[in-house]
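Structural description and commentary
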Amino acid sequence: MRQRKFLWKIYYLLASFSIVPLIVLGLYASSMFKDSLITNDSEILKVRTRLIKDKLESLPIDSADLNILATKLDSLSGSRITMILPNGRVAADSREIASHMDNHADRPEVIEAITKGIGVSQRYSFTLKEDFLYSAMPVYDKENNLRLVVRSGFPLSGVQKEARNANIAIVLSVIFLSVIILVVGYISLKSILNPISLIRAGAERFAGGEFDRKIFPPENDELKSIANSLNIMARQLDEKLDIIGEQNNLQKAVLESMKEGVLAVDYDERILLINKTAEDILGITDKSTQGKTLQEVIRISEIQKFFKRIIAEGNPRETEIILQHEKDKYLQLSGTLLYDVDDNALGALVVFNDISNLKHLDTIKKDLVANVSHELKTPVTTIKGFIETLREGAIKDTKNAERFLEIIEKHIDRLNLIIDDLLILAKLEDKPDEIEFENENILRVLRSVTEDFEFKTAEKKITIAVKCDDKLEGRINKNLMEQAIGNLLDNAIKYCDKKSEIEIGAYEKNKALVIYVKDSGYGISEEHMPRLFERFYRIDKGRSREEGGTGLGLAIVKHIVNGMDGIIEVESKPGSGSTFTIKIPQEP
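Residues numbered from 1 in each chain as written. Predicted model: local features only at pLDDT ≥ 70, side-chain atom pairs only at ≥ 80, totals over all residues. Heavy atoms only, no water.

1. Some details on the pattern of salt bridges
One side chain can pair with another of opposite charge once the charged atoms of both are near each other. Counted by the stated rule, this structure contains eleven salt bridges. Residue Glu 269 pairs with Lys 308 through a salt bridge whose shortest N-O separation is 3.0 Å. Pair noted here: Glu 269 is in the loop between strand 6 (261–266) and strand 7 (271–274) and Lys 308 is in helix 8 (residues 301–313), with a separation of 39 residues, a long-range link. Here Glu 269 falls in the buried class, since its relative accessible area comes to 10%. Judged by relative accessible area, Lys 308 falls into the partly exposed class, the value being 42%. In this structure, Arg 317 engages Glu 313 in a salt bridge whose closest nitrogen and oxygen atoms are separated by 3.2 Å. Residue Glu 313 is classed as partly exposed on the basis of its relative accessible area, which comes to 40%. (Salt bridge = Lys/Arg side-chain N within 4 Å of Asp/Glu carboxyl O. Helix = DSSP H or I, 4+ residues; strand = E, 2+ residues; numbered from the N terminus. Buried < 20%, exposed > 50% of the residue type's maximum accessible area, 1.4 Å probe, protein only.)

Put into structure tokens, the structure is as follows:
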């Protein structure tokens, strides 16, 4: 745009330089023409005056004759004839009454004629009220005495009219030539500016990201070179922007796919970058965080202090913090300075790892060790105590010795059960992908499980109702499913009163095999639900041990169900019994 304005200024300047000389030349020509006309008329007047002078020198002087002569000469020459006596009094005039005219001794043409022999003057005539051109000459007698001064005058109205006509012609010529110059200059400038405008419009399109519309090269070699250069630049820029776009998309995809949170700030602690994982970990809901300060977005003092230390010290750091909410969240922070491609520090970069699950697993591991130790220690201590009692002489007491041995055997069986359950869990965790599936008749599986518990149900006079279509089949691992249902049924029997009823059944719903065990026992309160399937977790520890449980039954059930890509759900209320439901997806 600036170049365009500059070129138009140049155009106006050149046009001015072209037109002004024409105007000056026109004025000069007009002046010269007028001067030429006056000069020509002046020469004619001189000739006429000289002829009149010569005639008067041969005639006698008489006032009446002079008036007649002046009028006659006027009609012949078309010039005003005035005859002036040496004292300046007008003796005769062809167009005015001589006696009414002023003394002409002070007229410049008269003075000049007397002193130089001829006088010429161009001035305004107060008598006739118009401009006149005068020529005057002295008339002498034979003794060379000044008889009078004859003056011929010619009005300049004709000259002025011709001059005006000439001026009009010159002005029209100047205007015509100026228009031609302006039109030709405009057309020439447009022929230059149009390609420039096209190139400028193309450059603006390129600046706006429209690289598909190229600039059509003009005929001018220099402009053609510029247009080709811009087209090449646009193509290269388009390619580079595509590469940058791909890299940005890849970078964004990588950042958004990371399980770790990433947060970068500059030295003013303004956020440069944050990925979705970091937003989720820190509970950030504001989607326009870039450019805002860390304090505006994250109101966690430990994180703010961590960033400040990295920026102040410049050394990589690591720390762990706990975010206390309804459920504590453990975060591991790893931070370092952020550098650009030229190795200049820009700010700080921190990676957030949510290690809550690791902490939870660590807690479970510690609890497991403690629970295993506790579960093993009790029977081992009991066995050791009775062995020492037998060694101290109780072995000779036949009645008590037999009872002690039965107790020892019972605790050894309990140790075996714990060890067997731990081995089953270890196997399920170690090789979950090696579980083999086959189509099985589900009613047969349920009846097989109930048959294994006929003795236990008979002892408490508990009735088991089996509800299942005899044609229902499911793709399962028969042995593992029998063990899972058996553990659920065993728990139901343990926690039901005598003469109660337990219902087990199966059906298919939403392309899943559903197996349930429903009892009318004591039920489970809400506070135990989250930890129900943890190893060695007991709702009623005393009752569980009395019933001979290891505390691993439900943990085994959950691992079996998970190994079959299924889920297990629990519905229970204290005093209203419990319903455990297993859902195993079936392939179409």
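Once you've had a look at it, read on.
2. A closer look at the nonpolar core
The nonpolar side chains of soluble globular proteins are, as a tendency, buried together. Counting residues in each nonpolar core, the largest one holds 39 residues, and the members touching the most others are Ile 442 and Ile 502. Counting only elements with at least two residues in this core, the list comes to helix 11 (442–452), helix 13 (478–494), strand 14 (501–509), strand 15 (512–518), helix 15 (553–563) and strand 17 (578–585). With eight residues, helix 13 is the largest single contributor of residues to this core. Once you skip the residues sitting within four places of it in the chain, Ile 502 turns out to touch Ile 462, Thr 463, Ile 464, Ala 465, Leu 489, Ala 492, Ile 493, Cys 496, Val 517, Lys 518 and Asp 519. By size, the runner-up hydrophobic cluster in this structure holds 25 residues, among which are Ile 284, Ile 303, Leu 323 and Leu 331. (Core = buried A, V, L, I, M, F, W, Y, C linked by side-chain atoms within 4.5 Å. Contact = heavy atoms within 4.5 Å.)

3. Focus: the confidence of the model for the protein chain
Do not read the predicted coordinates in detail wherever pLDDT is low. Counting all residues, the mean pLDDT for the protein chain is 76, and 72% of those residues have values of 70 or more. Mean pLDDT values over the elements of the protein chain span from 48, in helix 14 (residues 541–546), up to 90, in strand 15. (pLDDT = per-residue confidence, 0-100.)

4. Quick notes on the packing of helix 13 against helix 15
With their axes 9 Å apart at the nearest point, helix 13 and helix 15 run at an angle of 145 degrees to one another. As helix 13 runs across helix 15, the sense of the crossing is left-handed. Taking contact as the criterion, the partners of Leu 480, Gln 483, Ala 484, Asn 487, Leu 488 and Asn 491 in helix 13 are, on helix 15, Gly 553, Leu 554, Ile 556, Val 557 and Ile 560. Of the residues that constitute the contact of helix 13 with helix 15, the class distribution is seven nonpolar, four polar and no charged. (Axes fitted to C-alpha atoms, helices over the stretch in contact; angles between N-to-C directions. Left-handed = near helix turned anticlockwise from the far one by under 90°. Nonpolar A, V, L, I, M, F, W, Y, C, P; charged D, E, K, R; others polar.)

5. Concerning the sheet that holds strand 3 (residues 119–125)
Pairing in this open sheet of five strands is antiparallel, and the strands run 2-1-5-4-3 from one edge to the other. Looking at which strands have only one partner, the edges of the open sheet turn out to be strand 2 (90–93) and strand 3. The average undirected angle you get between the axes of adjacent strands in this sheet is 25 degrees. Bridge count for strand 3 against strand 4 (residues 130–140) is seven bridges, and the pairing is antiparallel. Bridge assignment links Gly 119 to a residue of strand 4, and that residue is Ala 136. (Pairing = 2+ DSSP bridges.)

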